[in-house]
Amino acid sequence: MALSWRNFASRIGMDPEPHPRPPAHVLRLQPYRCVSSLKQIEDRTDTEPYKLDWNESTVAPSPRVEEALTHVLSNGAKLNWYPDLAAEDLTAALESYTGVPRDSLIVTNGSDDALLLLCRTYLRSGNEVLVPVPTYTHFLVHVGAQNARVVELRNPNPFATDLNRLERAITGKTKMVYLVSPNNPTGTMWTSRQIDYLCSSYPNVMFVVDEAYHEFSGQSVIHLTQTYSNLAVTRTFSKAFGLAAFRVGYVAAHPRACGHLWRLHNPKSVNTFGQLAATAAVHDLPYLESYVEEVRAARTEFVSRVRELGLEIFDSVANFVVLRVPQPHRLTDGLEKHNIYIRDRSTMPGMAGCVRITVGTREQMDHVFGCIKQVVTEQGWV
Ligand SMILES: Cc1ncc(COP(=O)(O)O)c(C=O)c1O
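Residues numbered from 1 in each chain as written. Predicted model: local features only at pLDDT ≥ 70, side-chain atom pairs only at ≥ 80, totals over all residues. Heavy atoms only, no water.

Examining the overall build of the chain
Working step 1: When helices and strands are tallied, the chain shows 15 helices and 13 strands.
Working step 2: For 382 residues, the compact-globule formula gives about 21 Å, and the C-alpha radius of gyration of the chain, at 23 Å, lands near that figure.
Working step 3: The principal-axis extent of the C-alpha atoms belonging to the chain is close to 70 × 60 × 55 Å.
Working step 4: Looking at the chain as a whole, 50% of its 382 residues are labelled buried. (Helix = DSSP H or I, 4+ residues; strand = E, 2+ residues; numbered from the N terminus. Rg over C-alpha atoms; globule rule 2.2 N^0.38 Å. Buried < 20%, exposed > 50% of the residue type's maximum accessible area, 1.4 Å probe, protein only.)

So, in structure tokens, the structure goes:
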């Protein structure tokens, strides 16, 4: 009897359904596990949701954003045309906002896209990338996609930075160092002096400083990009500006470094509405500043109330804090009953028992505190 291809292939150990396979280093990657409360929130309409799991802004963006979008949509927006490939208006607005010249700025599709661009431009197979952990893990996927190796640097105290430990870990194979400042989720910061020292001491290493939360900290190393061509600073409109839905970010780097990055940059990656929204938001800095002030005040108040309750809490200079409790899933589950969503970070290195909570306005955090108090009292933890 004639064998079918399927039977024959199985018998000789071949794939019975041949298909193109990606290279081994891609097959080794795990898809980024997106744990988001969005579906639960959409399914529930009984009470106001508190989405405090992704460090987004907890309020709408500047009203200027809606005005700009409405204006364009009602005045014959050319939806059949590609966006401004040079993102001229946004780049001009960013030039004055950041204080670095336009030949040092590249607008990207969220800061994730800026991180990807950096990895694609600078990394190749066999390179090592040093990453103090715990940190923002999505970056690690971009490193793996280049077949480069992540070297995780664990600090016994994850709530502190350690420059000596970092320096000791830099080797001849280190091509890039990824420093998130303020770090997600621990809130630690690298100072301008430390970054200055690192960039001047290791000119062959690319230092990527992720400043996704810099508006809240009020500190930045962006000015150093004008001195060092081995420094790139990534930033986003997804956090303090409240524009996560639009996917806009940027990278600031020395013009020499930008010259390299432009080679692989996709000029169509930031759509017309993202560019418009971000430009309108940068033109309304008082709105941004008042939200940042509100979050700072809410954070201070929230941290002191949680401490008074007798719980362990790690403050930050960003729009999130970390709480350590005996059984984190009981807190997340308990808060979900109140339509409050926070992020369990207890499986991250050095983060046993930890949950991360996005900080919003004082009014929002007052409500959140009341619910936390109820859950932890029910659990008998205080
Ligand atoms: C440290 C850090 N970098 C980058 C991002 C991604 O931001 P974007 O929305 O700009 O891609 C996040 C999002 O949570 C983050 O925490």
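Considerations on the domain arrangement of the chain
One frequently used descriptor of interface size is the decrease in accessible area upon assembly of the parts.
Working step 1: For the chain, the assigned domains read domain 1 (38-59 + 286-379) and domain 2 (63-283).
Working step 2: On a C-alpha basis, the centroid separation for the pair domain 1 and domain 2 is 26 Å.
Working step 3: Contact residues are listed per partner, giving 25 residues for domain 1 and 27 residues for domain 2.
Working step 4: Here domain 1 meets domain 2 over a buried area of about 1900 Å², counting both sides, of which 71% is carbon and sulfur.
Working step 5: Considering only the side of domain 1, the residues that lose the most area to domain 2 are Leu 288, Val 317 and Pro 349, jointly responsible for 29% of the buried surface there.
Working step 6: Run the count over domain 1 and domain 2 and you get zero salt bridges.
Working step 7: The interface formed by domain 1 and domain 2 holds five residue pairs in polar contact (both at pLDDT 80 or more) in total.
Working step 8: When residues of the side of domain 1 that touches domain 2 are traced back to their parent elements, those giving at least two are helix 13 (285-309) and strand 10 (320-324). (Domains from an automatic or database assignment. Contact = heavy atoms within 4.5 Å. Buried area = accessible area lost by both parts, 1.4 Å probe. Salt bridge = Lys/Arg side-chain N within 4 Å of Asp/Glu carboxyl O. Polar contact = N/O pair within 3.5 Å; in protein donor to acceptor, adjacent residues only side chain to side chain.)

A short note on the nonpolar core
Working step 1: With 80 residues, the main nonpolar core has Phe 237, Phe 302, Leu 331 and Ile 357 as its most contacted residues.
Working step 2: With nine residues, helix 13 is the single largest residue contributor to this core.
Working step 3: Two domains each donate at least three residues to this core, and these are domain 1 (38-59 + 286-379) and domain 2 (63-283).
Working step 4: Ignoring anything within four residues of it in the chain, the contact list for Phe 237 reads Leu 90, Leu 94, Gly 242, Leu 243, Ala 244, Val 248, Gly 249, Tyr 250, Ala 278 and Val 282.
Working step 5: Counting residues in hydrophobic clusters, the runner-up holds 26 residues, among them Tyr 122, Phe 139, Ala 257 and Leu 261. (Core = buried A, V, L, I, M, F, W, Y, C linked by side-chain atoms within 4.5 Å.)

A closer look at the packing of helix 4 (residues 63-73) against helix 12 (residues 272-282)
Working step 1: One can describe the packing of helix 4 onto helix 12 by two numbers: an axis separation of 8 Å at closest approach and a directional angle of 140 degrees. The pairing of helix 4 with helix 12 is recorded here as oblique in orientation. Helix 12 is crossed by helix 4, and the crossing has right-handed handedness. Here Arg 64, Val 65, Ala 68, Leu 69, Val 72 and Leu 73 of helix 4 lie close against helix 12, whose contacting residues are Phe 273, Leu 276, Ala 277, Ala 280 and Ala 281. (Axes fitted to C-alpha atoms, helices over the stretch in contact; angles between N-to-C directions. Parallel < 35°, antiparallel > 145°, perpendicular 65-115°, else oblique. Left-handed = near helix turned anticlockwise from the far one by under 90°.)

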